[in-house]
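Reading the structure
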Amino acid sequence: KGLIAGIRSREGIRLPLEFLNMDIQTLRTKYPAFDAIYTLAESERGHGKQFRNDRKTPYMFHIDSVILGTLNLLHEPGFHLTSWVEPYLCVAVSHDLKEDCKITEYEIKALIRGKLPHGDENLVLDAIDAITKKPKGEEEYINYLFRVGKNPLSRMVKRADLIHNMSDIKPCNLLDKYSVSLWF
């Protein structure tokens, strides 16, 4: 109802500029469900000991970049939403947890239970499920993109993820893949 209706009908208000100046710590203080998932993401069970492809950059740098990138995309001219953003933040911080860390949906659900406005845990869980890739060989990449594209939350977070991935990749074949993916 609330968030999805606002996106589909282009109603609601634009994200206030104050969000563009927020840092991760401020967001964690303001949004309890986001903070709970972030704590798991930065732990050793999450991305705490992982690094990017260069083997130097902590993986949490990518997670933080996707979170802040999602906020920037939500402020694009013409994009309107209802007044809360926590579901987007929860999906952004979780976008690689199930796939890379073997964190289960049950664990994420337990973390966010009762902490989201309007009780929209299922909205967040559906988006996390949509953005999580299936095991290799179970789904073609193009079908994955269509699945992500059907969910407004996962679509926005995936755009931020692709933009950040494009900013630090070297192989041209991946740059082409990510560039094409942005159109979904």
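As a reminder, the structure under discussion sits directly above these lines.
Quantities reported herein were computed from a predicted structural model and do not represent experimental measurements. (Residues numbered from 1 in each chain as written. Predicted model: local features only at pLDDT ≥ 70, side-chain atom pairs only at ≥ 80, totals over all residues. Heavy atoms only, no water.)

Looking at the overall build of the chain
Selection criterion: Each helix corresponds to a stretch of at least 4 residues labelled H or I by DSSP, and each strand to a stretch of at least 2 residues labelled E; elements are numbered beginning at the N terminus. Burial classes: relative accessible area under 20% of the type maximum marks a residue as buried, over 50% as exposed, and values in between as partly exposed (1.4 Å probe, protein chains only). Per-residue and other accessible areas follow the Shrake-Rupley method at a 1.4 Å probe size, with only the shown protein chains counted as cover for residues.
When you go through the chain residue by residue, the secondary structure sums to 11 helices and zero strands. The linear arrangement of helices and strands in the chain, starting from the amino end, is α-α-α-α-α-α-α-α-α-α-α. Across the 184 residues that make up the chain, the buried fraction comes to 47%. For the chain, the accessible surface area stands at approximately 9,800 Å², while carbon and sulfur atoms represent 54% of it.

Brief notes about the side chain of Ser 65
This is how it is decided: Polar contacts here mean pairs of N or O atoms no more than 3.5 Å apart (in protein, one a potential hydrogen donor and the other a potential acceptor; neighbouring residues in sequence count only if both atoms are side-chain atoms).
Mapped onto the elements of the fold, Ser 65 is located in helix α4 (residues 59-74). In terms of polar contacts, Ser 65 uses its side chain to reach the backbone carbonyl oxygen of Phe 61, at 2.8 Å.

Brief notes about the packing of helix α5 (residues 86-94) against helix α8 (residues 121-131)
A pair of packed helices can be characterised by two numbers: the angle between their axes and the separation between those axes. We count it as follows: For helices, the fitted line uses only the C-alpha atoms of the stretch in contact; every axis is such a line through C-alpha atoms, and the angle between N-to-C directions lies from 0 to 180 degrees. Should the near helix be turned counterclockwise from the far one by less than a right angle, the crossing is left-handed, whereas a clockwise turn marks it as right-handed. Contacts were defined at the residue level, with two residues in contact if any of their heavy atoms lie within 4.5 Å. Residues were grouped as follows: Ala, Val, Leu, Ile, Met, Phe, Trp, Tyr, Cys and Pro as nonpolar; Asp, Glu, Lys and Arg as charged; and all remaining residues, including Gly, as polar.
At a closest axis distance of 9 Å, the pairing of α5 and α8 adopts a crossing angle of 35°. Crossing handedness for the pair α5 and α8: right-handed. Counted together, Pro 87, Cys 90, Val 91 and Ser 94 of α5 and Val 124, Ala 127 and Ile 128 of α8 form the full contact between these two elements. Taken together, the residues of the contact of α5 with α8 break down into six nonpolar, one polar and no charged.

A word on the environment of Glu 44
Within the fold, Glu 44 resides in the loop between α3 (32-42) and α4. C-alpha separation for the pair Glu 44 and Cys 101, spaced 57 residues apart in sequence, amounts to 9.4 Å.

Observations regarding the nonpolar core
Our working rule: Nine residue types can take part in a nonpolar core, namely buried Ala, Val, Leu, Ile, Met, Phe, Trp, Tyr and Cys, and a core is a set of them joined through side-chain atoms within 4.5 Å.
Leu 27, Phe 34, Ile 67, Leu 89 and Val 93 are the most contacted members of the largest nonpolar core, which totals 44 residues. Here the element with the most residues in this core is α4; it accounts for eight residues.

Some details on the side chain of His 95
Along the chain, His 95 falls in the loop between α5 and α6 (97-101). Residue His 95 is classed as buried on the basis of its relative accessible area, which comes to 1%. At 3.3 Å, the side chain of His 95 and the side chain of Asp 161 are in polar contact. Ignoring any residue separated from it by four or fewer positions in sequence, one finds His 95 in contact with His 62, Ile 63, Val 66, Ile 131, Val 157 and Asp 161.

What about α4?
Rules: By this rule the span expected of a helix is its residue count minus one, scaled by 1.5 Å.
Look at α4: 23 Å from first C-alpha to last across 16 residues, which is about the 22 Å you get at 1.5 Å a residue. Residues of α4 that are buried include every one of Tyr 59, Met 60, His 62, Ile 63, Ser 65, Val 66, Ile 67, Gly 69, Thr 70, Leu 71, Leu 73 and Leu 74, and no others. On its buried face, α4 sits against α2 (24-30), α3, α5, α6 and α10 (152-167).

A word on unusual backbone geometry
Despite not being glycine, Arg 55 shows a phi value in the positive range, around 65°. With respect to the element layout, Arg 55 can be found in the loop between α3 and α4. Its identity as a non-glycine residue notwithstanding, Lys 102 has a phi of 60°, on the positive side. Along the polypeptide, Lys 102 turns up in the loop between α6 and α7 (105-112).

Digging into the pattern of salt bridges
Worth spelling out the cut-off: Only one rule defines a salt bridge in this text: a Lys or Arg side-chain nitrogen within 4 Å of an Asp or Glu carboxyl oxygen.
Here the structure, examined in full by the defined rule, presents eight salt bridges. When the shortest N-O distance is used, the salt bridge between Lys 49 and Glu 44 registers 3.8 Å. Like Lys 49, the residue Glu 44 is exposed in the burial classification. Lys 98 serves as the salt-bridge partner of Asp 129, at 3.4 Å between the closest nitrogen and oxygen. Taken together, the positions of Asp 129 in helix α8 and Lys 98 in helix α6 put the pair 31 residues apart, joining distant regions of the chain. The exposure class assigned to Asp 129 is partly exposed, which follows from its relative accessible area of 34%.

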